[in-house]
Amino acid sequence: MNQGIDREENYSFSSSVLSYIDRAAERGVYDIRGLGAKRQIPTFDDLVFLTASMSRYPLEGYREKCATKTVLGSLRAKKPIELEIPITIAGMSFGSLSANVKEALGRAAREMGTSTTTGDGGMTPEERESSKTLIYQCLPSRYGFNPDDLLKADAIEIVVGQGAKPGGGGMLLGLKISERVAAMRKLPEGIDQRSACRHPDWTGPDDLAIKILELREITDWQIPIYIKIGATRVRDDVKLAVKSGADVVVVDGMQGGTAATQQVFIENTGIPTLPAVRLAVEALEEMDMLGKVQLIVSGGIRTGADVAKALALGADAVSLGQSVLMALGCNRPFYVDGDRQVDVSGEYEALGTAAGHCHHCQSGLCPVGVTTQLPELEKRMQPEWGARRLKNYLQTLNMELTTIARACGKSNVHHLEREDLVALTVEAAAMAKLPLAGTDWIPGVKQG
Amino acid sequence: MESLDLAKISVREFNHLLHNELDASACPEIEVLNPNGLHNLAVGLNVPVKLNIRGHAGYFVAGMNKQAEVTVFGNVGWSVAENIMSGTVRVKGFASECAGASGHGGCVVVEGDASSRCGISMKGCDIVVGGNVGHMSAFMAQAGRLVVCGNAAHGLGDSLYEAVIYVRGKINGLGADAREEPMEESDLSAVRDLLERAGMDCPVTEFKRVASARMMYHWDPDRKELY
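The text that follows walks through the structure, step by step, so that each part is easy to find. (Residues numbered from 1 in each chain as written. Chains lettered and ligands numbered in written order. Predicted model: local features only at pLDDT ≥ 70, side-chain atom pairs only at ≥ 80, totals over all residues.)

Some remarks on the packing of helix 8 (residues 234-244) of chain A against helix 10 (residues 273-286) of chain A
Residue and element names in this part refer to chain A. Basically, it comes down to this: Orientation is described by axes fitted as lines to C-alpha atoms, over the contacting stretch for helices, and by angles from 0 to 180 degrees between their N-to-C directions. Only DSSP runs of H or I reaching four residues or more are called helices, and only runs of E reaching two or more are called strands; each is numbered from the N terminus. Comment on the angle field: the value is read as roughly parallel under 35 degrees, roughly antiparallel over 145, roughly perpendicular from 65 to 115, and oblique elsewhere. Each crossing gets its handedness from the near helix: less than a right angle anticlockwise from the far helix is left-handed, clockwise is right-handed. For the purpose of contact definition, each residue receives a C-beta atom placed from its backbone, and two residues are in contact when these atoms lie within 7 Å.
The geometry of helix 8 relative to helix 10 is characterised by a closest axis approach of 8 Å and an angle of 45° between their N-to-C directions. Looking at the two axes, helix 8 sits oblique to helix 10. At the point where helix 8 passes helix 10, the crossing takes the right-handed sense. Facing helix 8, whose interface residues are Val-234, Arg-235, Val-238 and Lys-239, helix 10 presents Ala-276, Leu-279, Ala-280, Glu-282, Ala-283 and Leu-284.

A word on the environment of A:Gly190
Residues and elements named next belong to chain A. Inclusion rule: Remark: C-beta atoms are placed from the backbone, and a residue is labelled buried if 20 or more other C-beta atoms sit within 10 Å of its own, exposed if 12 or fewer do, or partly exposed between those counts.
Inspection of the secondary structure assignment puts Gly-190 in the loop between helix 6 (179-185) and strand 10 (193-195). Assessed through the 17 C-beta atoms surrounding it within 10 Å, Gly-190 is described here as partly exposed. As a C-alpha pair, Gly-190 and Leu-175 span 15 residues in sequence and 5.9 Å in three-dimensional space. Excluding anything up to four places from it in sequence, Gly-190 contacts Gly-174 and Ile-177.

Details of the interface of chain A and chain B
To keep it simple, the criterion reads: Residues are grouped as follows: nonpolar covers Ala, Val, Leu, Ile, Met, Phe, Trp, Tyr, Cys and Pro; charged covers Asp, Glu, Lys and Arg; every other residue, Gly included, is treated as polar.
Across the boundary between the two partners, chain A contributes 22 residues, which contact 38 residues of chain B. In terms of residue count, helix 7 (residues 205-218) of chain A provides more of the side of chain A that touches chain B than any other element does, six residues in total. A breakdown of the residues in the side of chain A that touches chain B according to their chemical character gives eleven nonpolar, three polar and eight charged.

Quick word on the pairing of strand 8 (residues 143-148) of chain B
All names here are of chain B. To keep things clear, this is the line we draw: Pairs of strands are assigned from DSSP output, requiring at least two bridges between the strands.
Of all the six residues making up strand 8, five are buried; the element is thus mostly covered by neighbouring parts of the structure. Inspection of the sheet shows strand 7 (residues 123-129) paired to strand 8 by five bridges, in the parallel sense. Paired with Val-129 across the two strands is Val-148, which belongs to strand 8. Here four bridges tie strand 8 to strand 9 (residues 164-167), and the two strands are oriented parallel to one another. Across the sheet, residue Val-148 finds its bridge partner in strand 9, namely Val-167.

That is the geometry; function is a separate question.
In structure tokens form, the structure reads like this:
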């Protein structure tokens with residue numbers, strides 16, 4: 001017995017915690033890393049669909065149409081966003097990503113009839129040219145933000161926060177501040193660059209309402225305005241976003257990714273996407289704005305099933321970041337050069353990690369050329385190759401989405417509803433306010 | 001000279017007209033009447049017109065200005081000339097918070113005082129303030145010049161990048177990583193030029209220069225006093 005406890009891992013001071021304490025004691029500084037939360041939390045995996053049987057009538061999966069057309073921002077804008085699929089590409093900056101990657105995102109989105117989004121650092125000509133529908137982010141830093149690009153945008157997304165770091169700013173480390181990135185951001189080359197956590201010209205929702213009117217006036221009320229929030233006090237924040245004048249609200253759960261943020265932020269702030277969707281929908285319902293102001297959900301969306309579950313819970317569309325990068329090769333053990341697969345295991349090892357576990361986007365030394373500004377690494381991800389893979393990935397998600405929708409008897413993916421879902425765990429049932437599978441029990445909701 | 005009366009047309013009609021129907025060569029100067037503190041006046045202009053706003057304006061007046069020369073004969077609310085790209089925006093009275101925020105180019109002149117965070121995040125514009133500026137002015141300012149003929153409240157130039165600040169009066173405290181530096185001949189010349197453009201007359205030798213110490217350019221956890 002004593003021998004057993006002598007070798008038993010300490011739950012409070014596990015090997016992972018010991019490693020953290022060791023690093024902190026050695027270096028005196030917190031870890032900064034990329035991607036999103038790695039901890040285990042309730043997700044869409046904890047929900048399943050009640051597809052058709054005797055009580056519901058399914059559609060034939062290979063013959064009958066299932067519409068996926070998605071319209072966003074129709075409340076006030078003269079030109080709302082019209083997409084072929086409800087799966088969009090999230091804002092990721094040129095700076096964190098290479099120009100090749102931004103071009104690949106635009107090409108794939110164009111082929112699939114969906115939108116891409118700029119990021120901190122402004123709009124590059126490559127992404128404007130390659131993207132049919134481009135959402136222009138207005139971020140606290142305002143790096144590269146200008147009226148010329150604003151007038152080229154198809155919609156504006158005011159970023160109040162993001163799921164990986166709600167309430168926090170950003171840090172792009174010096175290796176990624178190349179000559180071009182520095183020039184776009186009006187900063188000295190090679191410095192560690194801070195992105196502010198608050199906007200420079202407004203503070204609260206009352207100011208934001210006026211700011212939104214300014215942007216509408218500048219763009220002559222042509223294009224929709226989104227507000228993106230990190231999921232924390234979702235019910236209040238969605239209501240304030242709507243009250244401020246948003247046409248579309250984007251809610252980013254804690255699984256959402258980042259290019260570079262403190263580990264303590266990524267793993268310990270915000271709430272999971274699963275309860276965030278439900279809270280956002282309830283907020284819109286309480287304001288009688290469901291269906292009038294559209295809801296986009298992001299943070300850990302990976303599969304067509306995830307998309308279907310988000311839509312069934314009430315989202316109008318989803319937005320993908322990390323999974324898109326993975327379709328472009330992120331975390332693969334090799335990159336492709338013509339017909340060759342070039343092994344990069346050693347480069348992952350030099351970063352202190354391995355393929356499948358890497359989150360070192362902040363370093364700028366991405367072995368597969370996705371999150372880098374170094375020309376010799378950037379060329380490892382060619383836009384044509386990346387666009388083909390990403391188009392395939394988005395196509396797969398959309399096919400999975402329509403497969404589930406048809407099986408639920410829906411001829412339109414936007415007809416998926418909460419009644420189609422149940423939860424597999426008590427936690428997921430409580431967070432999504434869905435019945436636990438095989439029961440009528442919704443934890444936290446009074447019965448009868 | 002044409003005039004537009006905001007008692008008769010809406011802000012939306014006013015801006016639409018300036019964006020889409022204005023021929024600056026035929027009408028180089030416009031009088032704007034009855035602004036009455038309205039928000040978002042003359043935003044997103046991209047035409048070489050001279051606009052005289054006769055009265056007080058609200059938030060974001062002349063936001064994102066390009067080319068135009070806008071003068072407000074009164075006070076302004078938050079964020080006058082935010083993200084200005086070129087041209088000139090002049091406020092004859094006082095300005096509320098965030099004057100010239102994130103401005104890329106052009107010149108903003110406030111003849112009276114400017115409240116807190118004047119020049120926050122500026123990216124290359126010039127700002128000249130005839131009176132005092134409030135706290136945290138030029139916070140995270142990246143490029144451009146802020147000239148203050150009066151006093152500056154605490155936290156001046158916090159987290160500065162390459163923007164330079166000139167203050168004639170008292171500096172009531174610098175922000176993190178900002179420091180006073182000696183005035184060189186090039187600084188005297190710059191201040192002289194900016195004051196002339198602003199139509200202000202002050203002895204340039206009385207100004208102090210504030211710039212970044214550049215200690216925060218690379219993250220250093222051992223410099224705890226900076227964070």
